[in-house]
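What the coordinates show
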Amino acid sequence: MAVLIDPEKIEIERLPTLVKLIHLSIATHIFVGGSTDKNNCIENVVIELKKATSLPIIIFPGSANQVSNKADGILFLSLISGRNPEYLIEQQVQAAIQVKESNLEVLPTGYILVDGGKESAVERVSTSKPICQTNSELILKTALAGEFSGKKIIYLEAGSGAKTPVKSSIISLVKENLTIPLIVGGGIQTLHQLTTAYTAGADLVVIGTAFEKDPAFFNIIKKEAIHENIS
Ligand code: 1GP
């Protein structure tokens, strides 16, 4: 499981305490990023996290402004569910030299926004529409097009704070047809939803909002997860 930290939403002084809680949980990765980073604080957040943890820190950027050489890797995202060139290729071009000159592990990722039941920040910022979860064929075709275009990961995103996470039937369908890893996130707030996503075939599940709402959430996940044998 990956914990998502949005630099815009976290107070930097809280990070050491937060990391202790993350260490109690089953998290294997920390993702850092957000649809916006108005105060340009991503680098400071990464630096503070690196002081406190040896878990891999992966940038999950909302734009080319969110590249930090201090992290371990970057999801080099292309919003392939949308048709806005800004998020298909323009931001990537803007970030390219900085990424090239960094030591970041580059993880080319096909990012697919599906409808999570309310307008997401990704939808608002990218001005691109999510794919309806009833249109499983389009979601699958988009994921396959991502793999065939050379993406190394597909990320199925219902949007941060989604009312409806990605349906298990969608996760299974995409997973069965891909040969590359599948990340799933958006709206996962309970252990049941987490286990459902993994059982359906997610390789990594990302959780942000549930942890922001209740910092004890991952401790609960740890205790129950051991019981249910998730890792
Ligand atoms: C959003 O997939 C992530 O990009 C996590 O979503 O904040 O709803 O957990 P939540």
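Let me sum up the structure you'll find in this document. If you're wondering where the values come from, they're calculated on a predicted model, not measured in any experiment.

**Observations concerning the pattern of salt bridges**
For the coordinates displayed, the defined rule picks out eight salt bridges. Among the salt bridges present, the one from lysine 9 reaches glutamate 212, with a minimum N-O distance of 3.9 Å. One end of the pair, lysine 9, is in the loop between strand 1 (2-5) and helix 1 (15-24); the other, glutamate 212, is in helix 8 (residues 209-213), and 203 residues separate them in sequence. Classification of lysine 9 as exposed rests on a relative accessible area of 52%.

**Some details on the packing of helix 5 (residues 136-148) against helix 6 (residues 168-177)**
Two quantities define a packed helix pair, namely the angle between the helix axes and the distance between the axes. Where helix 5 meets helix 6, the closest approach of the two axes is 10 Å, and the angle between their N-to-C directions is 35 degrees. By crossing handedness, the relation of helix 5 to helix 6 is classed as right-handed. Of the residues in helix 6, those touching helix 5 at Ser136, Ile139, Leu140, Ala143, Leu144 and Glu147 are Ile170, Leu173, Val174 and Asn177.

**Some points on the nonpolar core**
Of all hydrophobic cores here, the largest spans 78 residues; its most connected members are Met1, Ile5, Phe31, Leu75, Leu194 and Ile207. Those residues in contact with isoleucine 207 that sit more than four places away from it in its chain are Met1, Ala2, Val3, Leu4, Ile188, Leu194, Phe217, Phe218 and Ile221.

**What to know about the side chain of glutamate 157**
Structurally, glutamate 157 can be placed in strand 6 (residues 153-157). Buried charge glutamate 157 goes without a salt bridge, the closest partner of opposite sign being lysine 9 at 11 Å. Setting aside its immediate chain neighbours within four residues, glutamate 157 contacts Phe60, Tyr111, Ile112, Leu113, Val114, Val166, Gly185 and Gly186.

**Thoughts on the site of the ligand**
Taken together, 14 residues sit near the ligand, with Glu157, Ser160, Gly161, Gly187 and Thr209 positioned nearest. Contact between the ligand and glutamate 157: an oxygen atom at 2.4 Å from a side-chain N or O atom of the residue. A distance of 3.1 Å is found between an oxygen atom of the ligand and a backbone nitrogen or oxygen belonging to glycine 186. Considered on its own, the ligand offers 310 Å² of accessible surface; in the complex 97% of this is hidden by protein. Counting residues per element, the ones that place at least two in the shell around the ligand are strand 6 and strand 8 (204-207).

The rules behind these values
Residues numbered from 1 in each chain as written. Predicted model: local features only at pLDDT ≥ 70, side-chain atom pairs only at ≥ 80, totals over all residues. Heavy atoms only, no water. Salt bridge = Lys/Arg side-chain N within 4 Å of Asp/Glu carboxyl O. Helix = DSSP H or I, 4+ residues; strand = E, 2+ residues; numbered from the N terminus. Buried < 20%, exposed > 50% of the residue type's maximum accessible area, 1.4 Å probe, protein only. Axes fitted to C-alpha atoms, helices over the stretch in contact; angles between N-to-C directions. Left-handed = near helix turned anticlockwise from the far one by under 90°. Contact = heavy atoms within 4.5 Å. Core = buried A, V, L, I, M, F, W, Y, C linked by side-chain atoms within 4.5 Å. Lys, Arg positive; Asp, Glu negative; His and termini not counted. Near = heavy atom within 4 Å. Polar contact = N/O pair within 3.5 Å; in protein donor to acceptor, adjacent residues only side chain to side chain. Areas by Shrake-Rupley, 256 points an atom, 1.4 Å probe, with all protein chains shown as cover.

Everything listed here is a matter of geometry and, on its own, says nothing about what the molecule does.
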